[in-house]
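An overview of the molecular structure
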Amino acid sequence: MKTSLLSLLALVAGCTVVVRPPAEPRREPPPQERPPEQQPPPVTVVILEVPPGHLPDPGECRLWYPGVSPGRQPRPRSRPCEQIAEIAPAGSWIIYRPSYDRRLAYVRVVDERRPGIVIRVRIFDLETYRLVREELPQEERPPVQPPPVQPPPAQPPPVQPPPPPPLSPLFRAAPLAVPTEQLPDPGECRLWIPSAPLIQEPLPRSRSCQGIAAIAPPRTWLVYRPSDNSRLAYIGVEDERRAGVLIRILVYDLATTHLVRDELPQADWPPVQPPRVERPPIQPPVQPPPVQPPPVQPPPVQPPPAQPPPAQPPPVQPPPAQPPPAQPPPAQPPPPPVSTATLNVPPGHLPELGECRVWIPGVPPGLQSRPKSRSCDGIVASARAGSWILYRPANEPKVVYVRIIDEHRAGIVVRVQVFDIQTKRLVREESP
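The present account deals with the structure reproduced in this document. Here the structure is a predicted model, which is why all the values come from computation and not from measurement. Along each chain, the written sequence defines residue order, and numbers are assigned to residues from 1. It should be noted that, the model being predicted, local features are given only for residues of pLDDT at least 70 and side-chain atom pairs only at 80 or more, the latter also being counted only at that level, while totals for whole chains, interfaces and linings use all residues. Neither water nor hydrogens contribute to the side-chain values; these are computed over all heavy atoms in the structure.

**Some remarks on the overall build of the protein**
Keep this limit in mind: Here a helix means four or more residues in a row that DSSP labels H or I, a strand means two or more in a row labelled E, and each is numbered from the N terminus. Only protein chains enter the accessibility calculation, which uses a 1.4 Å probe; a residue whose area is less than 20% of its type maximum is buried, one above 50% is exposed, and one in between is partly exposed. We call two residues in contact whenever any of their non-hydrogen atoms come within 4.5 Å of each other. Only the protein chains shown count as cover for residues, and the accessible areas themselves come from Shrake-Rupley with a 1.4 Å probe.
Tallying secondary structure elements over the protein gives one helix and 15 strands in all. Taking all 432 residues of the protein together, 28% fall into the buried category. Taking the intrachain contacts of the protein between residues at least 6 apart in sequence as the baseline, contacts between residues at least 24 apart amount to 41%. Accessible surface, the protein as shown: approximately 31400 Å² in total, 58% of it carbon and sulfur.

**Topic: the sheet that holds strand β15 (residues 426-430)**
Stated formally: Strand pairing is defined by DSSP finding a minimum of two bridges between the two strands. Here, axes are lines fitted to C-alpha atoms. For helices the fit covers the stretch in contact, and angles between N-to-C directions go from 0 to 180 degrees.
In space, the five strands of this open sheet follow the order β11-β12-β13-β14-β15, with antiparallel pairing throughout. The sheet terminates laterally at β11 (356-359) and β15, the two strands that pair on one side only. Neighbour-to-neighbour, the strand axes of the sheet open up by a mean angle of 25°, direction not taken into account. Alignment of β11 against strand β12 (residues 388-391), held across four bridges, turns out to be antiparallel. Looking across to β12, one finds that R357 is bridged to L390.

**What to know about the nonpolar core**
Rules: Here, nonpolar core refers to any group of buried Ala, Val, Leu, Ile, Met, Phe, Trp, Tyr and Cys residues whose side-chain atoms link them within 4.5 Å.
Counting 14 residues, the largest nonpolar core has C189, L191, I212, L222, Y224, Y234 and W269 as the members making the most contacts within it. When residues no more than four places from it in sequence are discounted, the contact partners of Y234 are L222, V223, Y224, P226, I249, L250, V251, R261, E263 and W269. Ranked by size, the runner-up nonpolar core spans 13 residues in total, among them C61, L63, I84 and V118.

**Digging into unusual backbone geometry**
Between R75 and P76 the backbone carries a cis peptide bond, its omega angle lying at 5°. Counting through the fold element by element, P76 comes out in the loop between β1 (61-64) and β2 (93-96). Cis geometry marks the peptide bond from R370 to P371; its omega dihedral reads 5°. Inspection of the secondary structure assignment puts P371 in the loop between β11 and β12. The phi angle at Q83 is positive, at roughly 65°, despite the residue not being glycine. Positionally, Q83 belongs in the loop between β1 and β2. What makes Q83 partly exposed here is its relative accessible area of 33%.

So, in C-alpha cells, the structure goes:
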C-alpha cells in the first residue's frame, strides 16, 4: 500500500504541465513616409502668334485681335503710333516695332473691359517669337523713391529730386522731327503738332513764350530756342489728355538732331525774355532853311470905271406845275434761297453749355480729338487748318455755333455758321 502511494506520487510529479502566458506578436515598425520628390515647376513658353507678314513697319504700330484669324484683322497693317491707344478696343493688342531694334516687338495688352487702357507690355524676340520680358505701362510704373536722407546734426543736406522716369521706346534714339527752317527765333517759342502735315502746323512760326504753355493742346510740343545757346532746341512734351500740362522736356542738338538729355519741367518754363528796347535812330541836326529875300510886289492894278447895269427884261412866269404821273410800286427783291446745309455732328459729341471743342470734318466721331468739352480760352490759336470749333452758348441752349478755320491757315476763322440742334439745319451765317 505504501509502495503504490509512492508510485502514484511519482507519476503525478512526472506529468506536471507548466502553463506560460502566450508570447506577444512581434510588431514591425511602420515604414517611414518618404517626402515626395521636389518636381521643378512647369516651364511656360509664350509664343507671339502673329505671322511675319502681318507685323507693322519699323517705327509704326497696328491693332491686333488675339484669337482672330490674320485675314480678319483690322486695317491698316501699319500706321503711326499717335492716338492709336485711344481707339484700341477692350481686349485688343497694340503691336509696335521700334526702329532702333528691329528684332523686338512690343505688344501692349489692352484691358478686357476698359478700351484704351494698357495694363501690361510684353516684349517678344522676332527670331524665336518667344517672350523676352514683361513691363508695366509707362503711366503705371511705380516711381523710384530715393533712400531717406539722414540729416546731420549741424545742417541737413538739400534733398535731391527723384530721377526722371525712363524714356518711352518711342523717344529712345529718335532724332528731332522739326525741320530747321520751322524752328522759332532765338529767345522765342512756337507750337508744333508731331506727325502732322506741315500745312496743318499752327502759326505763327515764332512768337513770345509768355502764356504759350497755358494754351498748348494735348499731345503737342512746345519748341523753345534759348538766346544764350542757339545750338540747342528744347521740346516741351504736353500730356496726352490734359491741355497745358508739361510732362517732360527734351533737349536736342541742332547740329546732329540727336537727343542730348531729358529734364523735368519747371514752374517757370519756358523762360520769358525781356522785351527788346529799341533805341531811336540818331537824327541828323536840322539845318535852318535859308533866308529868302522878300518877293518884289507888282504895282497895284487900278479897276476900270463903274458902268451902269443893263436893263433887265421882266421875269418869265413858269407854267403851272403839273402833278407827276403815278409811278408803279418798286419791285420787291426775291426772298433769299433757303440753305439746305446740315450739321453732321452726333448730339453725344457736342460740347457742354458754355464750352467748346475742336471737330475735324470728314473724320469718324470715334477718331476725333479729345477732350469732348473744354474751355474756349486759347482754342482758336491751337485749331489746325480746315477744322471746326463747336461752341454752345449758355444763353442759347438750342443752337450751336460752328467757327470754320481756313483750309490753309491754322487759327484763322473765315466764317461762323449757326445751326439748330433739334433739326440740324443752318439758321444763319455771321462774320467772324
